[in-house]
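# An overview of the molecular structure
Single-letter residue listing:
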Amino acid sequence: MDYWAAREKELIKRHEEIIRRRQELLEESIKQTLLDKKPLSEDDYDALLDTNQFWFSKKQRNAQLLEEISRIVDDIKDSSSSRENTVAATRLNIQKEIYWNYVNSCLPKWTEQVEKDIQSNDADSLKGLKVTTSTSK
């Protein structure tokens, strides 16, 4: 009986230590998250210490980041479409077109050559094989 009571006390102490360490890590994580933000009032900081509130704020931050990324991508697309009218962009588009025309003209010849090589390799590998038939009675 004493063994189980001692074991229970030990587990309670370990549990309390885990909870304490978790709280420390959570506070450290919150501080790291808020480094770039304005200082919080003590009430706001205490509210963030609540785990549910903290994770909610993380989800909110992730949503804000996704919106910001989406906005930046849209801005880049808009700016690139306005740059398409420049001379350099026109030259680039011409070079792209020339390149793809060349690739498309060479592709059939290349695939034909590859197929020939594969067939000749298969034929060469078959020459070395001897077909043996054994009849066992």
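Residues numbered from 1 in each chain as written. Predicted model: local features only at pLDDT ≥ 70, side-chain atom pairs only at ≥ 80, totals over all residues. Heavy atoms only, no water.

## Things to note about the overall build of the chain
Using the following cut-off: Only DSSP runs of H or I with at least four residues qualify as helices, and only runs of E with at least two residues qualify as strands; both kinds are numbered from the N terminus onward. Only protein chains enter the area calculation, which uses a 1.4 Å probe; residues under 20% of their type maximum are buried, those over 50% are exposed, and those in between are partly exposed. Surface accessibility in these figures is a Shrake-Rupley result with a 1.4 Å probe; residues are shielded only by whichever protein chains are displayed.
Check the secondary structure of the chain and you find 4 helices and 0 strands. In the chain, the order of α-helices and β-strands from amino to carboxyl end is α-α-α-α. In the chain, which comprises 137 residues, the share counted as buried stands at 6%. For the chain, the exposed surface amounts to about 12900 Å²; the carbon and sulfur share of it is 55%.

## As for the packing of aromatic side chains
Here is the rule we go by: Pairing of aromatic side chains here covers Phe, Tyr and the six-membered ring of Trp, requires ring centres within 6.5 Å, and sorts the geometry by plane angle: under 30 degrees stacked, over 60 edge-to-face, intermediate tilted.
Within the structure shown, the criterion is met by 2 aromatic pairs. Centre to centre, the rings of Tyr3 and Trp4 are 5.0 Å apart; their planes meet at 75°, and the pair counts as edge-to-face. Of the two residues examined, Tyr3 and Trp4, each falls in the exposed class. Plain terms: the ring middles of Tyr99 and Trp100 are 5.1 Å apart, the flat faces sit at 75° to each other, and that makes the pair edge-to-face. What makes Tyr99 partly exposed here is its relative accessible area of 47%.

## Quick word on the confidence of the model for the chain
Going by this rule: For every residue, the predictor assigns a confidence score, pLDDT, that lies between 0 and 100.
When pLDDT is averaged across the chain, the result is 77; 65% of the residues are at 70 or more. Here helix α2 (residues 42-49) is the element of the chain with the lowest mean pLDDT, 64, and helix α1 (residues 2-33) is the one with the highest, 86.

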